[in-house]
Amino acid sequence: MQIEFELNGATVGTSVEARTSLADCLRDNLGKTGTHLGCEHGVCGACTVLVNGEAVRACLMLAVQANGDKVVTVEGLSSDNLSPLQASFRKHHALQCGFCTPGFITTAHALLTAEPDADEERIRDVLSGNLCRCTGYVPIIEAVLDARKFYAVQKEKA
Amino acid sequence: MKPSAFEYASPATLEEAVSLLHAGNGNAKIISGGQSLMPMMAFRLAVPEFLVDLKHIPDLNIIRIADDGVHLGARVRWCDIAGDARLLTAHPLLAEAVTHVAHYQIRNRGTVGGSLAHADPSAEMPGVALTCDALLTIIGSSGTRIEKASAFFTGPLQTTLEADEILTELHLPAWPAARRWAFKEFARRKGDFAMAGVALFYDLDGNGRAENAHIGAIGVSDCPIRLGAAEAALNGNVVDDNTIAAVAAAARAEIDPPSDIHAPAAYRRALVGTLLARGLTQSAG
Ligand SMILES: Cc1cc2nc3c(=O)[nH]c(=O)nc-3n(C[C@H](O)[C@H](O)[C@H](O)COP(=O)(O)OP(=O)(O)OC[C@H]3O[C@@H](n4cnc5c(N)ncnc54)[C@H](O)[C@@H]3O)c2cc1C
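Calculation criteria
- Residues numbered from 1 in each chain as written.
- Chains lettered and ligands numbered in written order.
- Predicted model: local features only at pLDDT ≥ 70, side-chain atom pairs only at ≥ 80, totals over all residues.
- Heavy atoms only, no water.
- Helix = DSSP H or I, 4+ residues; strand = E, 2+ residues; numbered from the N terminus.
- Expected span 1.5 Å × (residues − 1).
- Bend = angle between axes of the 7 residues up to and from the residue.
- Buried < 20%, exposed > 50% of the residue type's maximum accessible area, 1.4 Å probe, protein only.
- Contact = heavy atoms within 4.5 Å.
- Polar contact = N/O pair within 3.5 Å; in protein donor to acceptor, adjacent residues only side chain to side chain.
- Domains from an automatic or database assignment.
- Buried area = accessible area lost by both parts, 1.4 Å probe.
- Salt bridge = Lys/Arg side-chain N within 4 Å of Asp/Glu carboxyl O.
- pLDDT = per-residue confidence, 0-100.
- Pairing = 2+ DSSP bridges.
- Phe/Tyr/Trp six-rings, centres within 6.5 Å; stacked < 30°, edge-to-face > 60°.

Draft legend 1. Structural view of helix α5 (residues 138-157) of chain A. Residues and elements named next belong to chain A. With 20 residues, α5 extends 30 Å between its outermost C-alpha atoms, agreeing within 8% with the 28 Å of an ideal straight helix rising 1.5 Å per residue. Along α5, the sharpest kink reaches roughly 30°, centred on Arg 148. For α5, the full list of buried residues reads Pro 139, Ile 140, Ile 141, Ala 143, Val 144, Asp 146, Ala 147 and Tyr 151. Buried residues along α5 sit against α2 (84-91), α3 (101-114) and α4 (120-127).

Draft legend 2. Looking closely at the environment of His103(B). Checked against the element boundaries, His103(B) lands in the loop between α5 (92-98) and α6 (104-107). Exposure remark for His103(B): the relative accessible area of 5% places this residue in the buried category. Along the primary structure His103(B) and Trp78(B) are separated by 25 residues, whereas in three dimensions their C-alpha atoms are 9.8 Å apart. For His103(B), the residues in contact, after removing those within four places along its chain, are Arg57(A), Ser128(A), Gly129(A), Arg189(B), Lys190(B), Gly191(B) and Asp192(B). A polar side-chain atom of His103(B) sits 3.5 Å from a polar atom in the side chain of Arg189(B). Polar contacts involving the side chain of His103(B) include one to the main-chain carbonyl oxygen of Lys190(B), which spans 3.5 Å.

Draft legend 3. The arrangement of the side chain of Asn108(B) in detail. Its place among the elements puts Asn108(B) in the loop between α6 and α7 (112-118). Here Asn108(B) falls in the buried class, since its relative accessible area comes to 8%. Within the structure, Asn108(B) has its side chain in polar contact with the backbone oxygen of Ala55(A) (distance 2.8 Å). Beyond its immediate stretch of four places on either side in the chain, Asn108(B) contacts Glu54(A), Ala55(A), Val56(A), Arg77(B) and Cys79(B).

Draft legend 4. A look at the domain arrangement of chain B. All names here are of chain B. Assigned domains of chain B: these are domain 1 (7-53), domain 2 (63-173) and domain 3 (180-284). When each unit is reduced to the centre of its C-alpha atoms, the spacing between domain 2 and domain 3 is 21 Å. Of the roughly 2000 Å² buried between domain 2 and domain 3, counting both surfaces, carbon and sulfur atoms make up 65%. Seen at the junction of domain 2 and domain 3, the total is 1 salt bridge. The salt bridge involving Arg 226 is made with Asp 133; its shortest N-O contact spans 3.2 Å.

Draft legend 5. Broad picture of the confidence of the model for chain B. Looking at chain B as a whole, its pLDDT mean stands at 97, while 100% of the residues score no less than 70. Both scores are given for the predicted complex: the pTM is 0.97, the ipTM 0.96.

Draft legend 6. Fine view of the pairing of strand β5 (residues 69-73) of chain B. Residues and elements named next belong to chain B. Counting buried positions along β5 yields 5 of 5 residues, so the element is predominantly enclosed. What sits between strand β4 (residues 63-66) and β5 in their antiparallel hairpin is a turn of 2 residues. Note that β5 and strand β10 (residues 166-173) share 5 bridges and pair antiparallel. Each residue of the ladder has a partner; that of His 71, found in β10, is His 171.

Draft legend 7. Quick peek at the interface of chain A and chain B. Taken together, the contact between chain A and chain B spans 33 residues of the former and 30 residues of the latter. Around 2500 Å² of area is buried between chain A and chain B when both sides are counted, 53% of it from carbon and sulfur atoms. The three residues of chain A that bury the most area against chain B are Arg19(A), Leu60(A) and Gln65(A), which together make up 27% of that side's buried surface. Taken together, the connections running from chain A to chain B amount to 4 salt bridges. Across the salt bridge formed by Glu54(A) and Arg77(B), the nearest N and O atoms sit 2.9 Å from each other. Across the chain A-chain B interface, the total number found is 14 residue pairs in polar contact (both at pLDDT 80 or more). The set of elements that each furnish at least two residues to the side of chain A that touches chain B consists of β4 (54-57), α3 and α4 of chain A. Ranked by residues supplied to the side of chain A that touches chain B, first place goes to β4(A) with 4 residues.

Draft legend 8. Highlighting the packing of aromatic side chains. All told, the structure shown has 3 aromatic pairs over all chains when counted by the stated rule. Ring centres 6.4 Å apart and planes at 55° place the aromatic pair Phe104(A) and Tyr137(A) in the tilted group. On the criterion of sequence distance, the pair formed by Phe104(A) in helix α3 and Tyr137(A) in the loop between α4 and α5 is long-range, its members being 33 residues apart. A relative accessible area of 26% places Tyr137(A) in the partly exposed class. An angle of 80° between the planes, with centres 5.1 Å apart, marks the rings of Phe152(B) and Phe153(B) as edge-to-face. On the basis of relative accessible area, Phe152(B) is assigned to the buried category, the value being 0%. The buried category is assigned to Phe153(B), whose relative accessible area is 8%.

If you want it as structure tokens, here you go:
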């Protein structure tokens, strides 16, 4: 089936089988391999992307269901330089092997965009849907807490 | 972990969706949020030949609060319920139960109708629907029917839905402001399916005694169940420590929970008693 959607700000079109997940479409058809596939059944959160501003699991959505939507992957969150959230992950050692990181970054970005004042409990609650086998999570929570100030400023401007 | 091949359509009306299901001859399925169906297809536990997406059908995502209670359209998502502050008073039991459903990203897509139709024995929404005597509106090629939640769930992942039927609305009867209630569950990780859970409510008569007791449990049987003996132990009594102990004991005695890798039956049995006692204590406070 022919589909068209907005990917990281640019309109893209591609042809997929109906059964193709959004994650496979992003990676295989559109070359956006920042979206990682861990479990492929909705448990690990590595494939999280933003669809119309909301964090969703790209393995639990069909590419055809994204037809006409606005999709943002981890590639769309920064250009040549790290975003403040990404820089905070680096500063706090919030990644090691990096496999789960795109899912944490996209999820945390969606959360802080909507709720820049999220407290630690809320951040833990939201990130409970993402698995990380390296960090033990504490540095990730610290990185997200520390990045809140950048989102608060953005919200004031907006 | 890839689904088998299927065709896909996203019709604009319910009538069209029903006729596509009908033409599918048992091999067509609805996809709503996809948060249960996609994993089922990835494991090839579900191998539909045709998927009918509800996303373009209007008005299925409406939360309507009226004198006769709360009406949830089938495509109302978990995040929509969490974001609707009216429900904290219009149906606090619903609002609380839904905080336990799944994780952030799944809550942005998973729907009320999908959860009811999927009928996982541990799922919160079917438990709330059963406990609250909810009514389900179902449309199919032979017309529209209203089904009681108590008749709808027939087994694990099994309901009375025919292959060409679509669930359109859940109606939870009106909630008196003074009603006492609680929802308690235990899961190993926040957002995962519960090992067991209880939903309960009752009203107080003029003498401060419980009446109209409704107690439901999830994760302890093939589908959500009502705990009739526990309800009988609660009705007509002041909710004090003795009553709470009697209700919990009645619940433990009347259930026959399964054993699996997550917990043996004896653990689930004890857990239901504990959750019920905690819930009743909270409701009386
Ligand atoms: C990791 C993970 C954790 C989860 N944890 C929980 C949890 O703790 N508690 C919980 O309750 N759920 C949990 N879920 C499931 C989630 O809540 C699903 O969203 C829900 O069970 C199904 O809703 P859906 O809209 O995604 O349905 P879909 O996946 O689209 O459909 C599910 C089934 O229902 C049928 N269907 C859907 N809508 C209709 C309709 N309107 N009429 C007729 N048939 C229909 C479909 O054909 C399919 O068979 C979890 C899911 C995942 C992946």
